[in-house]
Each structure stands twice: as structure tokens, then as C-alpha cells.
Amino acid sequence: MTQIKNDHFLKALYRQPTPYTPVWMMRQAGRYLPEYRATRQKAGDFLSLCKNPNLATEVTLQPLDRYPLLDASILFSDILTVPDAMGCIWYASRKRCTSK
């Protein structure tokens, strides 16, 4: 079994004392990273990125690789995987809304 090197985040979840407030990054906050954009392009489309365990793992770990002081990263997924699993048809558009 792998030894946990930094368990501050887990201790904080259990309300145990930690030497500092743990810091983590959600996947959405990593969308600006060039490595995220490259991985998303490699996947072809967003849902394929969500459904590919290797690419989803890669995207989850990217912020930790870039910012070594982070204590955790939130597992990559998306709420749109739920309607997809239910058989609902949806699509994403790159068009942006603008206000007049």
C-alpha cells in the first residue's frame, strides 16, 4: 500500500488538528492551464475526457504537478455525466452569449 506523504487535507476533513489550513484546487479552476487544454484537445470532446479514466486522472493531477504546495485536488468529473448515463441527449456549443 502507498504511504500518504501529505495527509493534512484528510485530517482537516476529520476535524483533526493540522499545522495549517489545507489548500486544494477544484478541476474547474484548472481549466485555464495549458496542460488541461492540451489534454482536452487530445480527448476530442469534453464528454470523452470525462469518460476516459486515464485522461480524467491526468487532468485531476495536473494542478498538483504544477503547484506542489497544494494538498489535494478534486476528482475530475462533470455533472453532465449524469444525464448522459441516463440516456438523455445533450450537446455543448462553443457559441458565447453576449449582451447588448
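This is a predicted model, so every value here is computed, not measured.

*Asks:* Can you lay out the pattern of salt bridges for me, pointing to particular residues and giving the numbers?
*Replies:* Under the counting rule described, the total for this entry stands at 4 salt bridges. Note that Arg 66 is salt-bridged to Glu 35, the shortest N-O span being 2.8 Å. Taken as a pair, Arg 66 in helix 4 (residues 53-66) and Glu 35 in helix 2 (residues 34-43) lie far apart in primary sequence, 31 residues in all. What makes Arg 66 partly exposed here is its relative accessible area of 38%. Classification of Glu 35 by relative accessible area gives partly exposed; the value is 24%. Residue Lys 51 is joined to Asp 84 by a salt bridge in which the shortest nitrogen-to-oxygen separation is 2.8 Å. Of this pair, Lys 51 sits in helix 3 (residues 46-51) while Asp 84 sits in helix 5 (residues 81-85); the two residues are 33 residues apart in sequence, bridging distant segments of the chain.

*Asks:* Report on helix 4, specifying residues and quantitative values.
*Replies:* With 14 residues, helix 4 extends 20 Å from end C-alpha to end C-alpha; this agrees with the ideal 20 Å at 1.5 Å per step. If you look at helix 4, its biggest bend is around 30°, right at Thr 60, and the proline Pro 63 turns up within four residues after that. Taken together, the buried positions of helix 4 are occupied by Leu 55, Ala 56, Val 59, Thr 60, Gln 62 and Pro 63. Where the residues of helix 4 are buried, they touch strand 1 (24-25), helix 2, helix 3 and strand 2 (72-73). At the N-terminal boundary of helix 4, the capping side chain belongs to Asn 52, with an oxygen 2.9 Å from the backbone nitrogen of Asn 54.

Cut-offs applied
- Residues numbered from 1 in each chain as written.
- Predicted model: local features only at pLDDT ≥ 70, side-chain atom pairs only at ≥ 80, totals over all residues.
- Heavy atoms only, no water.
- Salt bridge = Lys/Arg side-chain N within 4 Å of Asp/Glu carboxyl O.
- Helix = DSSP H or I, 4+ residues; strand = E, 2+ residues; numbered from the N terminus.
- Buried < 20%, exposed > 50% of the residue type's maximum accessible area, 1.4 Å probe, protein only.
- Expected span 1.5 Å × (residues − 1).
- Bend = angle between axes of the 7 residues up to and from the residue.
- Contact = heavy atoms within 4.5 Å.
- Polar contact = N/O pair within 3.5 Å; in protein donor to acceptor, adjacent residues only side chain to side chain.

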